[in-house]
There are 2 protein chains.
Amino acid sequence: MTFGKYIREHREVLKAEDRRFSVRQVAQRIGVEPAYLSKIERGDVAPPSEAKIRALAGELNEDVDVLLAMAGKVSSDLQEIIRKRPQLFADLIRQLKSMQDHAILRIARDVRDGDW
Amino acid sequence: MTFGKYIREHREVLKAEDRRFSVRQVAQRIGVEPAYLSKIERGDVAPPSEAKIRALAGELNEDVDVLLAMAGKVSSDLQEIIRKRPQLFADLIRQLKSMQDHAILRIARDVRDGDW
DNA sequence: TGTCATGTGTACTATATAGTACACGCTATG
DNA sequence: CATAGCGTGTACTATATAGTACACATGACA
C-alpha cells in the first residue's frame, strides 16, 4: 500500500459520513492546495513534508509514525533522540532488527513499568 | 564540536604520522574534490552525503553512526528498520529517551545474549 | 632555487524537495 | 437549471542538497 492510496482510502471513508472530508476541504485545513493533495493521493508526486503529514494524520485520525513510515520518513523527534546517543541507539536498534514484535513490545512495557 | 572541526582534528592527527592524510589525498580516496573537503572541514558548507561520510569514517577509522549524528543524520539502515515497524520502534525509542546509558546498554546486552 | 604538493577562494551546476496558481469540466442539489 | 463545490491537468517556482572545476598563493625539500 502506497502513502497516497492509503490516504485516499481513509479520507474517502470519512467523506462518506461527512462531506467536510473532500480533497478541497482537507487540503485547506492542512494548508495545501487542493490540486497538490489530489496529486499526492494519486501518487502523482512524492509524499509531502513531515509537517504536512502530521497535519494530515491529525485530520484523518491516523498514527503519525505509520504515515511517516509509508512516506519513507522517520519522525524527526526519533531522529533527534538517536543522534544524541548514536552508538547506544544504533547498537540496540540493530540488535532488535531480528527480534519478533512481542519481544520488542515486552521491552517497551518493562521500561515503561520501571522494571529497569 | 562540529562535524567539520571533528574531521579536521582527527585527520590532522593521522597526517602527523602519515602524509597520505592530507586534504587532497583523503579527498581523492573518498571521491570528492579537495576544495570541497576543505570547505567541509572549515564548516564553510554543510556536511556531505551519507555515502561520503561512510567513506570518510572508513578512511579515518571513526564510528559511522557518530559521524552521521554530528552531521545531523541517522544511518539509512536504522531508518529502514524503524520504518518497517514504526509503532513498535517509535514507542520503544521514546520510552528510552529518558533512560540512562547503562540501562540502554543493559537492554542491548540482554537482547544480544538471548535473555529474551 | 625550482618544482611539487598543499590548502583554499570563487564561480558554477545538476538534481531533489516541496510545493503554488489557475483553469477546466463534471456533478449534485436547492 | 443555474450555481456551488468537486477533483484534476498543466505550468511554474523557490529553496535545499550535494557537489565540480579551476586558479592561486604558500611552503617544503631535494
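Residues numbered from 1 in each chain as written. Chains lettered and ligands numbered in written order. Predicted model: local features only at pLDDT ≥ 70, side-chain atom pairs only at ≥ 80, totals over all residues. Heavy atoms only, no water.

1. Section: the side chain of B:E50
All names here are of chain B.
And step 1. Within the secondary structure, E50 sits in helix α4 (residues 50–60).
And step 2. You can call E50 buried: its relative accessible area is 18%.
And step 3. For E50, the side chain forms a polar contact with the side chain of S76, separated by 3.0 Å.
And step 4. For E50, the contacting residues outside a window of four places in its chain are L68, K73, V74, S75 and S76. (Helix = DSSP H or I, 4+ residues; strand = E, 2+ residues; numbered from the N terminus. Buried < 20%, exposed > 50% of the residue type's maximum accessible area, 1.4 Å probe, protein only. Polar contact = N/O pair within 3.5 Å; in protein donor to acceptor, adjacent residues only side chain to side chain. Contact = heavy atoms within 4.5 Å.)

2. Digging into the protein's contact with DNA strand D
And step 1. Among the 22 residues in the neighbourhood of DNA strand D, the closest are listed as A:R8, A:R24, A:S38, A:R42 and B:S49.
And step 2. For DNA strand D, the fraction of protein-proximal atoms (within 4 Å) that sit in sugar or phosphate groups is 58%.
And step 3. A:K39 places a side-chain nitrogen or oxygen 2.9 Å from a base oxygen of DNA strand D.
And step 4. Breaking the surface near DNA strand D down by element, the ones donating at least two residues are α1 (3–17), α2 (23–30) and α3 (34–41) of chain A together with α3 (34–41) of chain B.
And step 5. Top element by residues in the surface near DNA strand D is α3(A). It accounts for 4 residues.
And step 6. Residue composition of the surface near DNA strand D, grouped by class: 7 nonpolar, 5 polar and 10 charged. (Near = heavy atom within 4 Å. Nonpolar A, V, L, I, M, F, W, Y, C, P; charged D, E, K, R; others polar.)

3. Focus: the domain arrangement of chain A
And step 1. Taken domain by domain, chain A comprises domain 1 (3–70) and domain 2 (85–112).
And step 2. Computed from C-alpha coordinates alone, the two centres of domain 1 of chain A and domain 2 of chain A are separated by 31 Å. (Domains from an automatic or database assignment.)

4. Let's talk about the protein's contact with DNA strand C
And step 1. Residues in contact with DNA strand C amount to 21 residues; listed here are only the nearest, A:S49, B:V23, B:R24, B:S38 and B:R42.
And step 2. When atoms of DNA strand C within 4 Å of the protein are split into backbone and base, the sugar-phosphate part holds 60%.
And step 3. Interatomic distance of 2.7 Å between a backbone N/O atom of B:V23 and a phosphate oxygen of DNA strand C.
And step 4. Residue B:R42 places a side-chain N or O atom 2.4 Å away from a phosphate oxygen belonging to DNA strand C.
And step 5. Those elements that provide at least two residues to the surface near DNA strand C are α3 of chain A together with α1 (3–17), α2 (23–30) and α3 of chain B.
And step 6. Within the surface near DNA strand C, the residues separate by chemical class into 7 nonpolar, 5 polar and 9 charged.

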